[in-house]
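# A structural walkthrough
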Amino acid sequence: MPDFRALPSADQFLLSDCGAGLVALHGRAQVLAALRARLDTARQAIRAGGDGAKLAGALAGEVAADLARAARPGLRPVLNLTGTVLHTNLGRALLAEEAIRAAAMAMAQPMALEFDLDGGGRGQRDDHLRGLLCDLTGAEDATVVNNNAAAVLIALNTLAEGREAIVSRGELIEIGGAFRMPDIMTRAGTRLVEVGTTNRTHPSDYETALTDRTGLILKVHCSNYRIEGFTAEVPAPRLAAIARTARVPLLNDLGSGSLVDLSAYGLRREPTVAEAVAEGADLVTFSGDKLLGGPQAGFIVGRRDLVAAINRNPMKRALRLDKIRIAALEATLRLYRDPDRLAERLPTLRLLARPLAEIAAQAARLAPPVAAALAPQGFAAAPCACDSQIGSGALPVDTIPSAGLRLTGPGGDAPDRLAAWLRALPLPVIGRIHDGALILDLRCLERDEALLGALAGT
């Protein structure tokens, strides 16, 4: 007969010093559930011939470990050493300190979100951002929703529901998460009219497609791919003139949407939102958490009458932002009023503009201690040159010279084994596998101790 007497009862365990300590940390119900699961496992082991005393001795540690794992949040910090600055799977833009403080204040206190402090009546939550967006883009009016896909969706639904939207075949994009422009147009209740070919579209293609059923002309910035070679597209100013002649709106979806000239930071120039407005677009849509460097949001700027129509759409309430993101966005947009210090204060631009020499010196400095930390696992580390990218569809084929650490080990599966080991650390370290090695691109590592502490498990 199996002897279960070595195992404590649930009451005995809960009244012990260890049990009481776990209850204080996790609550009685959680401890009891974990304890019962471990006691069931121990009884099965004893039935199979296991040592009851040994199993009882390990019980407290196992219950504590189970509870610690269960208490660990699913959304965890990681070290982004992939070389992709705006990594969609890792949350895209890091917020500026000013935005973090503003968001924290909004979390902790009542805010005048839709309350007019001057008149005492109801206000509009978009008012906190409208003035800043108009100043920075030159647009007549502005509104905001929860991401750029939503911005495109509500604009199409408002201006072209039951009507046609004309778009070049070369701009019928698909981006991450199965976002396909034709599908979005269908959901918006808009009939897609494709013009031109994949690689060449001309003004006459748009002009021929215009009918009394046309609701708008849509221009989409090809932010996550590029067509090269024998190509032609209609520039935005020419497209705006065609739209004006036909008396239909031009909606220009910029995708990432930069508020500043990126060439000032050593990157290839991208069209800015202010330029898209000045070129005649009636509405411009763009993201908040990509090149702009703020939290997730979708902006719509342009003609006052069109923005007002969008705000009357019942869909707007379903897509609106909460006070936390509005606070963070307001603080982020205010940074753009001081362009001389923008790269210093906005993490996205600061990381993209980090000098190569600085990153290379960091790689040389970190190689010895990282190699020492990896040696017990059978791996080696050495400095290397590598290439970073912006990410999230911005400048998709452009790379930025960078530096990092090349981690190697025995066996063809060494990069995968090492990547798995680094992901299992208390602070997971995420790199990228390339050419038979795991590369840790250091562009996004601003403090050496963050990596060294992660490797030490602290």
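This one's a predicted model, so the numbers in the text were calculated from it and none came from an experiment.

Right, let's talk about the overall build of the protein for a bit. A count of helices and strands for the protein gives 19 helices and 15 strands. If one aligns the C-alpha atoms of the protein with their principal axes, the spans along those axes are about 90 × 55 × 45 Å. For the protein, the proportion of its 458 residues judged to be buried stands at 46%. Sequence-distant contacts in the protein: of pairs separated by 6 or more residues, those separated by 24 or more amount to 73%. Accessible surface computed for the protein: about 21800 Å², of which carbon and sulfur atoms make up 53%. Averaging the positions of the 51 positive and the 51 negative side-chain charges in the protein gives two centres separated by 4 Å.

Next up on the list: unusual backbone geometry. Phi is positive for R92, which is not a glycine, with a value near 60 degrees. The residue R92 is located in the loop between strand 1 (79-80) and helix 5 (97-108) in this model. Of note in the backbone geometry, D435 takes a positive phi value of approximately 55 degrees without being a glycine. Here D435 lies in the loop between strand 14 (432-434) and strand 15 (437-441).

Burial analysis of strand 9 (residues 283-287) places five of its five residues in the buried class, the great majority of the element. In strand 9, alternate side chains face the same way, and those of L283, T285 and S287 on one face and V284 and F286 on the other are all buried. Taken together, the four bridges between strand 8 (residues 250-255) and strand 9 define a ladder with parallel strand orientation. What sits directly across from G255, in strand 9, is F286. The parallel pair strand 8 and strand 9 is bridged by helix 11 (residues 273-278), and the resulting crossover is right-handed. In this structure, strand 9 lies alongside strand 10 (residues 298-302), joined through five bridges in antiparallel fashion. Bridge pairing in strand 10 places F286 opposite F299.

Inspection of the secondary structure assignment puts G131 in helix 6 (residues 127-137). G131 sits in the partly exposed class, given a relative accessible area of 38%. Here the alpha-carbon distance between G131 and P203, two residues 72 residues apart in the chain, equals 35 Å.

Here we come to helix 18 (residues 414-423). Those residues of helix 18 that fall on the buried side of the exposure criterion are A414, P415, L418, A419 and L422. In an axial view of helix 18, the angular spread of the buried residues amounts to 130 degrees, which keeps them on one side of the axis. On its buried face, helix 18 is in contact with helix 17 (356-374), strand 12 (400-408), strand 13 (429-430), strand 14, strand 15 and helix 19 (448-455).

Attention now goes to the environment of A48. Looking at the element boundaries, A48 is found in the loop between helix 3 (28-47) and helix 4 (52-71). What makes A48 exposed here is its relative accessible area of 70%. On a C-alpha basis, the gap between A48 and R72 in space is 32 Å, while along the polypeptide they are 24 residues apart.

Before going further, it helps to examine the sheet that holds strand 3 (residues 164-168). Pairing is mixed across the open sheet formed by seven strands, whose spatial order is 2-10-9-8-7-3-6. One side of each edge strand has no neighbouring strand; the edge strands of this open sheet are strand 2 (141-145) and strand 6 (191-195). In this sheet, adjacent strand axes meet at a mean angle of 25 degrees when their direction is disregarded. Note that strand 3 and strand 7 (residues 214-220) share three bridges and pair parallel. Counterpart to E164 in the pairing with strand 7 is T214. Contacting strand 2, strand 9 and strand 10, helix 6 runs over the sheet at an angle of about 120 degrees to strand 2.

We now examine the sheet that holds strand 12. Pairing in this open sheet of four strands is antiparallel, and the strands run 11-12-15-14 from one edge to the other. Every other strand in the sheet has two partners, leaving strand 11 (380-388) and strand 14 as the edge strands with one partner each. Put simply, the sheet's adjacent strands are angled 40 degrees from each other on average, direction ignored. Pairing geometry for strand 11 and strand 12, over nine bridges, is antiparallel. If you follow D387 over to strand 12, its bridge partner there is P401. This element, helix 17, spans strand 11 and strand 12 of the sheet and lies at about 10 degrees to strand 12.

This next bit is on the pattern of salt bridges. In this structure the tally under the stated criterion is 34 salt bridges. Here E114 makes a salt bridge to R125, at a shortest N to O gap of 2.6 Å. In this pair, E114 sits in the loop between helix 5 and helix 6 while R125 sits in the loop between helix 5 and helix 6, placing the two residues 11 residues apart along the sequence. The partner of E164 in a salt bridge is R191, with the nearest N and O atoms 2.8 Å apart. Of this pair, E164 sits in strand 3 while R191 is found in strand 6, placing the two residues 27 residues apart along the sequence. E164 sits in the buried class, given a relative accessible area of 5%. Through salt bridges with shared partners, a single ionic network connects R38, E62, D66 and R69.

Attention now goes to the nonpolar core. With 57 residues, the main nonpolar core has I217, V284, F286 and V301 as its most contacted residues. Residues A160, A188, L216 and L319 belong to the second largest nonpolar core, which totals 28 residues.

About the criteria used
Counting restarts for each chain, with residues numbered from 1 along the sequence as it is written. Reporting of local features is limited, given that this is a predicted model, to residues whose pLDDT is at least 70; pairs of side-chain atoms are given and counted only at 80 or more, and all residues count toward the totals for whole chains, interfaces and linings. The side-chain numbers reported here are obtained from all heavy atoms of the structure, hydrogens and water having been left aside. Only DSSP runs of H or I covering at least 4 residues are called helices, and only runs of E covering at least 2 are called strands; the numbering of each starts at the N terminus. Partly exposed residues are those whose accessible area sits between 20% and 50% of the maximum for their type, while under 20% is buried and over 50% is exposed, using a 1.4 Å probe and protein chains only. Two residues qualify as a contact provided that any one of their heavy atoms is within 4.5 Å of a heavy atom in the partner residue. Shrake-Rupley sampling with a 1.4 Å probe provides the accessible areas, and residues are treated as covered by the protein chains on show and by no other component. Neither His nor the chain termini are counted; the positive set is Lys and Arg, and the negative set is Asp and Glu. Positions of charges follow a simple convention, taking NZ of Lys, CZ of Arg, CG of Asp or CD of Glu. When DSSP finds two or more bridges between a pair of strands, those strands are recorded as paired. A right-handed crossover is one whose linking path, passing over the helix from the first strand to the second, runs clockwise when the strands point away from the viewer. Here the arc refers to the directions that run from the helix axis out to each C-beta atom. Geometry is summarised by axes, namely lines fitted to C-alpha atoms with helices restricted to the contacting stretch, and by angles between N-to-C directions that run from 0 to 180 degrees. Each reported salt bridge corresponds to a side-chain nitrogen of Lys or Arg within 4 Å of a carboxyl oxygen of Asp or Glu. Residues belong to one nonpolar core when they are buried, are Ala, Val, Leu, Ile, Met, Phe, Trp, Tyr or Cys, and are joined through side-chain atoms within 4.5 Å.

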